[in-house]
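Results of the structural survey
Each chain, letter by letter, is given below.
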Amino acid sequence: MKHLPSFIFSISLWFRLWTKRLFFHPFFLFTLFLLPAVTFFIQASEFSKDAILRIALCIDGKDPDSVAERFQKELSGLSDRTVEFYFVPEKDMVYSDVAEQKAVSGYILSADLKKNIEAYTNEQKPFITTVQQDGEMSNKLINEILLSKLYRTHAFMLLRNFLSKKSENIDLSFIQERFRSYQRQELLFRFEYADGTENKLLQQSTGLLLMPLRGIISVLVFLSCMTGAITWYEDAQTGFSQTIPETKKKLCLFFSLFIPAFYAGILGIISLSMTDISEKFIHECTSMGGFLFACISLGYFLLSIIKRKEIFFSFLPLLLIGALILCPVFIDLSIYSPALRFMRCLFPTHYYLSSLHDHMALFHMLLYGLFFLLCGKAIQKFH
Amino acid sequence: MKQLSQYFFLELKKTFLQFPMLLIGSIFLLAISFSCIFLTRTSSYGTEKNPPVFIGILAEKDEPFIDWIIKAANNMPDMGYSVHIEQIDKKTAEHHFFDNETNVLFIIPKHYISSIMHGENKHVTIRFSKTQTTIVNTLMKELAAAASSFILDTEAAMYSMHDYYQKYRLPNETKDDLSLNIKYVKEIVSFSNSMKSETSNAVPESSIATDLLSGGMVLLPLLFGLILAPVMTSERISVKKELTRIGIHFWKQALVKELVFFLVIFASFFGIAILWFLLQNISVLPLHVLSESTLLSETLLADCYGSFFLLISCSPVYLFAAAFSLFIYEISGDASGGMMLLFFSTIFMALFSGLFYPIRYLPEFLKHVAGFLPTRYAQIYIMKLFHQEPVGKEIFLLLLYSICFYLLTTLLSVMHSRKS
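Residues numbered from 1 in each chain as written. Chains lettered and ligands numbered in written order. Predicted model: local features only at pLDDT ≥ 70, side-chain atom pairs only at ≥ 80, totals over all residues. Heavy atoms only, no water.

Quick look at the packing of aromatic side chains
All names here are of chain A. Tallied over the full model, the rule gives 39 aromatic pairs over all chains. Between phenylalanine 15 and tyrosine 263, the aromatic rings sit 6.4 Å apart at their centres with planes inclined by 45°, giving tilted as the arrangement. With phenylalanine 15 in helix 1 (residues 6–22) and tyrosine 263 in helix 10 (residues 249–273), this pair connects stretches of sequence that are 248 residues apart. On the basis of relative accessible area, tyrosine 263 is assigned to the partly exposed category, the value being 22%. Ring pairs connect the aromatic residues Phe15, Phe254, Phe255, Phe258, Phe262 and Tyr263, which therefore count as one cluster. Here the basic side chain of arginine 21 rests over the ring of tryptophan 18, its NZ or CZ set 5.3 Å away from the ring centre. (Phe/Tyr/Trp six-rings, centres within 6.5 Å; stacked < 30°, edge-to-face > 60°. Helix = DSSP H or I, 4+ residues; strand = E, 2+ residues; numbered from the N terminus. Buried < 20%, exposed > 50% of the residue type's maximum accessible area, 1.4 Å probe, protein only. Lys NZ or Arg CZ within 6 Å of the ring centre and 35° of its normal.)

Here it is as structure tokens:
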């Protein structure tokens, strides 16, 4: 090691020393190692064939016609990780399944579906009974999904009616053959992130529980950084920091904040790499690096303005809950109040979540870090 | 007994001496909740049922039907979310994205409508402003598939019509093409009329405000444990042993700490209840529901009574939060590890018990896991309070969990002391 310049040697020494200190907090490390374990658990649960939305269907009546039979056959096989249709023999079961929350909504269709659609083509009378929970946000979307399955028959009947007005004896078999030959299934929409790159999350129907994982990891990294600040307060209380030479104090402060966040960041990236939501390794590392810088700067700023450990503790829920509900990790409150969009700029998590697909957000994150670093330095200087 | 009461008052004093920090913490928590409520009410979109989601449409100026589509979409009734759709140019789109003003941007390719008519399906791009995590976004692909299917089936019908006209040499092909196209567009827009909706009465109606409130009422006491980390962190073994020597056994020490935590949460949330009352005119929370059984219904005091009733009724939740936080700090032994573990366990328990996403969206396996989580029962308990349903089972389970965590804390405390 002697051949290394003294500065690098000093940094490597402090790095190892502070890493060793981390081992005196076994439950801190335990929590960090729990992160990949829980991620694996979520990923495993996502592999199960259960869809997020289960929809109960019932063909009411005996001897379903050809359209009802085709509809039943088509939808029984249609199940992905988002929506799953299943058929029940009795219409009462639709009501009970929705009431017991086994299904998010239910639809009752008549056995003579063809006749019903035909009648609807002439006169718009409802022929599907939907059983839904009031206030369920997915109701409208599921209705559209179901209607799109019925639309094929309706579109054909509209065409048949239109052509029958043009010629007296229409060639139904020809129309049927042509209509069938043109039918295809294709996604005519492409999902992108703000920077124009492909949004894999939506393109692949990623599981619902994996979607907030990145946000949770970012909040945990942030909290790790803040626990580093608490260690610094404790060191000041026990007199440990007084034993450190004045010239090395800033380096020690940096490592107090950096080391817990660094290991949390590494385990966060490992956890993300176990899932479908991870991006290119280099992008993950760049964003995490910028995020660590923003967190450390904010921690340094807070340490500069708050002299009492207890007050610092009282800040933490504000920062954590704010990040969870505004950035957003789970729920986006700014949908209900657009004015809250400005508040999210106070939290580093907001920049981290956008930075992977938005170079401007990465730049803003670095500016955010630089701003708090300079503010902290200015306060330290005046103090 | 005297020593126990002395120890209790000492612990209480120690905690309340740090009241400035508790107060600041509570004020911060209140600041978040009230700024959210206040901004929701006073936002420029306050007159709407819900403030709008802004959708931008980026298309060529002379692209046909775009104006009509925007007008039709903006006039769609009962969307759940109020959605505002507007055509914007490229420069504005970028500006809006960076300012987070646009939620979703639809990029319509050049000559899109004619491309559909000529069977050359260009892809519409849907661009999101940020990482999306809500259930609505999860359904976007399904919705896009439904929209694609509407377009492709219409296309199939149109091509079949052309083939038919060509085979039988029917006149007015161009004119009929346009009229059939318009007929299809009208049918697609009005196809939802084919549905007759019935609401399942077995499931009580819950508003977004009630869902958020019940989730928040469970999460806040648990996260309050983060503020109290210096107080909750386990005493040194020597102090514990000394306390045992004078007759305050480990189980009594744990009980005192738990009671102190409970009282602190109660006092802090009492402040929240007062503020709810003072700011009841901006409250969006259905607190008056809780006072429906009294004569106060629809009076000024209804929200006040409701908020205090809720505060007192939530005692089992505070008790569970106290027992759980104490248990976490006992096993971790230090503030940093305890805080990390408390936050981690709270967040994942909340995620798996349906506090963030409704339980019906979770996989079957996780629904079974949720059945073992106390946070699930805590949320059901608060929801049932709002729906004025019997809550005996939930109170019993929350107390059972509290006792279990309390016993585990005592056991760990004894084990730590023996180990040393």
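Back to the text.
Some details on helix 1 of chain A
Because an α-helix completes one turn every 3.6 residues, residues spaced three or four positions apart along the sequence face the same direction. Spanning 17 residues, helix 1 of chain A covers 24 Å between terminal C-alpha atoms, matching the ideal 24 Å at 1.5 Å per step. Within the sequence span of helix 1 of chain A, burial applies to Ser10(A), Ser12(A), Trp14(A), Trp18(A), Thr19(A) and Leu22(A). (Expected span 1.5 Å × (residues − 1).)

Brief notes about the confidence of the model for chain A
Taken residue by residue, chain A gives an average pLDDT of 82. The fraction at 70 or more is 91%. Within chain A, no element has a lower average pLDDT than helix 8 (residues 200–203) of chain A, which sits at 68, and none a higher one than helix 11 (residues 281–305) of chain A, at 92. (pLDDT = per-residue confidence, 0-100.)

Observations regarding the nonpolar core
Counting 200 residues, the largest nonpolar core has Phe343(B), Phe348(B) and Leu351(B) as the members making the most contacts within it. The dominant element in this core, judged by the number of residues it contributes, is helix 9 (residues 213–238) of chain A, at 14 residues. Discounting residues that sit within four places of it in the chain, Phe343(B) has contacts with Val219(A), Leu220(A), Leu223(A), Leu320(A), Leu324(A), Leu223(B) and Leu226(B). Ranked by size, the runner-up nonpolar core spans 21 residues in total, among them Leu188(A), Ile57(B), Tyr112(B) and Met140(B). (Core = buried A, V, L, I, M, F, W, Y, C linked by side-chain atoms within 4.5 Å. Contact = heavy atoms within 4.5 Å.)

Some thoughts on the pattern of salt bridges
Applying the stated rule across the entire model yields 11 salt bridges over all chains. One salt bridge in this structure joins Asp163(B) and Arg178(A), with 2.8 Å as the shortest N-O distance. Of the two residues, Asp163(B) is situated in helix 7 (residues 140–167) and Arg178(A) in helix 7 (residues 172–182); the pairing between them involves two chains. Linked by salt bridges that have partners in common, Glu177(A), Arg178(A) and Asp163(B) make up one network. (Salt bridge = Lys/Arg side-chain N within 4 Å of Asp/Glu carboxyl O.)

Quick notes on the packing of helix 9 of chain A against helix 11 of chain A
Residue and element names in this part refer to chain A. Viewed as axis vectors pointing N to C, helix 9 and helix 11 meet at an angle of 35°, and their least axial separation amounts to 10 Å. Relative to helix 11, helix 9 is oriented so that their crossing is right-handed. Contact residues: Arg214, Ile217, Ser218, Val221, Phe222, Cys225, Met226, Ala229, Trp232 and Tyr233 in helix 9; Glu284, Met288, Phe291, Leu292, Cys295, Ile296, Leu298, Gly299, Leu302 and Leu303 in helix 11. Each residue belonging to the contact of helix 9 with helix 11 can be placed in one class, and the counts come to 16 nonpolar, two polar and two charged. (Axes fitted to C-alpha atoms, helices over the stretch in contact; angles between N-to-C directions. Left-handed = near helix turned anticlockwise from the far one by under 90°. Nonpolar A, V, L, I, M, F, W, Y, C, P; charged D, E, K, R; others polar.)

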